[in-house]
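# Descriptive analysis of the structure
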Amino acid sequence: MKALIIGAAGFVGGYLIDALKTAGYDVYATKLKHENIDVGVSVYNLDLTDFSEVCNLLNEIKPDMIYHLAAQSSVKLSWEKPQMTANINILGAINLFEAVRLQSPFSKVLVVGSSEEYGDIDYARAVSEKAVPQPKNIYALTKLTQEKLAEIYVKAYNLHIVTTRSFNHIGPRQSSQFVVADFCNQVACIEKGKRKPVITVGNLDSYRDFSDVRDVVRAYIVLSEKGNAGEVYNVGRGEAIQIKEILNIILSMTESKIEICVDTAKFRPIDVPSIKADISKIGKLGWTPEISVKKSISDTLNYFRGL
């Protein structure tokens, strides 16, 4: 069985490559020209916004499974570069779906979306896939558009596309532009004497549903193999934890005396106060999270300590 990962050089890609190889797949991966992947699989340079490149790649590989991870995935950056975000996330999805239709219509495709799509919801309960999305930022809107495009291609062309609304995931090797990795990186730098003992933070009052990236890639494989075409699945832990508590856990793991400084520049123009996933739907396919938030944080902090 051939598995193709679109956008494999990112945080999730390396873990997904490892998990697919362990599961016995022949793995193919794409990256941008300036990125590096060194994991012993077939690697291709791919500009997802170039339709001919996408078509040629699918025609050559004819993958059984396609994992679409390529995205501009930062909410903050989507406010700063909305055109780039839409170009990658929306045009890229159209190019992929069209290429699948023309070159590899029997491929099973998993498209990774985001919990940001939900926007304003009932914060008192876990949000299910039945909730009506109300995106509140540009990134979220592009991901919801991607999901709706997938629905159209399933209905119009009978393609097998499954989409996710993935909640926050964390773990070693994550970019420090994301909150948990950012905190861990700052603490590690303080411990090494590379910065003053002050950690800068944004909004600490929000609650988020954090899963370990290693649990997330297991979910993606389950969904690609067992998910129903045209349907969307939440991928998360099913619990919400306050960002302030995340910070406290990290600070409890260091002996350094660290001052906390709130930086309003780290605040989003619009933020969702709390969100957690109802994961009963994916649970029926046999998946459940296994790695604790504390374990994920510890592994992430130790990763940055080792740099």
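Preceding this paragraph is the structure being described.
Now for a description of the structure that goes with this document. (Residues numbered from 1 in each chain as written. Predicted model: local features only at pLDDT ≥ 70, side-chain atom pairs only at ≥ 80, totals over all residues. Heavy atoms only, no water.)

Now for the packing of helix α2 (residues 51-61) against helix α4 (residues 82-103). The N-to-C vectors of α2 and α4 enclose an angle of 40 degrees; their axes lie 9 Å apart at closest approach. In terms of orientation, α2 lies oblique with respect to α4. Like other packed secondary-structure pairs, α2 and α4 cross with a definite hand, here right-handed. Here α2 contributes Phe51, Val54, Cys55, Leu58 and Asn59 to the contact with α4, which in turn contributes Asn95, Leu96, Glu98, Ala99, Val100, Leu102 and Gln103. A per-class count over the contact of α2 with α4 returns eight nonpolar, three polar and one charged. (Axes fitted to C-alpha atoms, helices over the stretch in contact; angles between N-to-C directions. Helix = DSSP H or I, 4+ residues; strand = E, 2+ residues; numbered from the N terminus. Parallel < 35°, antiparallel > 145°, perpendicular 65-115°, else oblique. Left-handed = near helix turned anticlockwise from the far one by under 90°. Contact = heavy atoms within 4.5 Å. Nonpolar A, V, L, I, M, F, W, Y, C, P; charged D, E, K, R; others polar.)

To continue, consider the sheet that holds strand β6 (residues 160-166). Read across the sheet, seven strands follow the order β3-β2-β1-β4-β5-β6-β11 without closing on themselves; strand pairing throughout is parallel. Sheet topology places β3 (42-45) and β11 (232-235) at the edges, where each strand pairs with a single neighbour. In this sheet, neighbouring strand axes are inclined to one another by 20 degrees on average, regardless of whether the strands run parallel or antiparallel. Together, β1 (2-6), β2 (26-31) and β4 (65-68) form the strand contacts of helix α1 (residues 11-22), whose direction differs from that of β1 by roughly 175 degrees. Strands in contact with α4 are β4, β5 (108-114) and β6; relative to β4, the strand with the most contacts, it is inclined by about 170 degrees. (Pairing = 2+ DSSP bridges.)

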